[in-house]
Amino acid sequence: MNTETKSVGAGASRITEATLARFAREVAKYPAEQKQSAVMACLAIVQQEQGWVSTESEVVIADYLGMPQIAVHEVTTFYNMYNQQPTGKYKLNVCTNLPCQLRDGQKALHHLEKKLGVTMGETTVDGLFTLQQCECLGACADAPVMLVNDRTMCSFMDNDKLDQLVDGLRQAEGVASTARAEGQA
């Protein structure tokens, strides 16, 4: 181990000393015998820094927290906020739970599939968007709802608002929207 990175396995070299210091700050919030309680925070740190949680990163977290790797993997796979593979710059999670479906959540997902040219679970060719479905976001009265990059809740997402969201994100990246490319906007 050098001062720059801790190398355990092929992908773990990206776990830096700075990352380990962040782990330590989270672990310090719990009694020593309960340091495993910081597992979600450590996973969030890795995802924030790398964009996703690799198996190699799970191993480093498990070793750091003194817990079985499978226990870390169970947390990673239980919550949809942890990406288990690289995603696009913008992760779009559309709620498809029953209350949202009754208020066009499934239609919103299908509209985005058509607009982005991908199916649920895929990333656009340009790497900008990953489209996913998710379970209840706790805003059923605002359905259909979605979450952008696990942080920004969007409510009442009809087709026009979905188009505005995607076109706005593309514009922010300097990429022409589909409508502009076709001369419709």
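Residues numbered from 1 in each chain as written. Predicted model: local features only at pLDDT ≥ 70, side-chain atom pairs only at ≥ 80, totals over all residues. Heavy atoms only, no water.

Chemist: Describe the confidence of the model for the protein chain, and please don't skip the residues or the numbers.
Modeler: Averaged over every residue, the pLDDT of the protein chain is 88; residues scoring 70 or more account for 88%. Here residues 1–13 is modelled with pLDDT under 50, and outside its nearest four sequence neighbours on either side it reaches 23 contacts, counting other chains as well. Within the model, the stretch residues 179–185 combines pLDDT values under 50 with 5 contacts to residues more than four positions away or in other chains. (pLDDT = per-residue confidence, 0-100. Contact = heavy atoms within 4.5 Å.)

Chemist: Quick rundown of the environment of M157? Include the residues and the values.
Modeler: Take M157: it is sitting in the loop between β4 (152–154) and α7 (159–172). On a C-alpha basis, the gap between M157 and A143 in space is 7.2 Å, while along the polypeptide they are 14 residues apart. When sequence neighbours within four positions are dropped, the list of residues in contact with M157 reads A108, P144, M146, L162 and L165. (Helix = DSSP H or I, 4+ residues; strand = E, 2+ residues; numbered from the N terminus.)

Chemist: Give a description of the sheet that holds strand β1 (residues 90–95) that names residues and reports values.
Modeler: Strand order in the open sheet formed by 4 strands is β2-β1-β3-β4, with mixed pairing between adjacent strands. A single partner strand is all that each edge strand has here, and the edge strands are β2 (129–134) and β4. Strand-to-strand, the axes of this sheet are offset by a mean angle of 25°, without reference to chain direction. Sheet topology places strand β3 (residues 146–148) next to β4; 3 bridges connect them, and they run antiparallel. (Pairing = 2+ DSSP bridges. Axes fitted to C-alpha atoms, helices over the stretch in contact; angles between N-to-C directions.)

Chemist: Run through the pairing of β1, naming residues and quoting values.
Modeler: With 6 of 6 residues buried, β1 is to be regarded as a mostly interior element. The two faces of β1 match: Y90, L92 and V94 on one face and K91, N93 and C95 on the other face are all buried. In this sheet, β2 lies alongside β1 in parallel orientation, the contact comprising 6 bridges. Its bridge partner lying in β2, V94 is registered against Q133. Across 3 bridges, β1 lies against β3 in antiparallel orientation. Across the sheet, V94 pairs through a bridge with M146, a residue of β3. (Buried < 20%, exposed > 50% of the residue type's maximum accessible area, 1.4 Å probe, protein only.)

Chemist: Quick rundown of a nonpolar patch on the surface? Include the residues and the values.
Modeler: Together, M40, F78, Y79 and M81 make up an exposed nonpolar region whose accessible area comes to about 380 Å². By the secondary structure assignment, F78 is in helix α4 (residues 69–78). Take F78: its relative accessible area is 64%, and that puts it in the exposed class. (Patch = residues over 30% accessible without salt bridge, like charges linked within 9 Å, V, L, I, M, F, W, Y side chains within 5 Å. Areas by Shrake-Rupley, 256 points an atom, 1.4 Å probe, with all protein chains shown as cover. Salt bridge = Lys/Arg side-chain N within 4 Å of Asp/Glu carboxyl O.)

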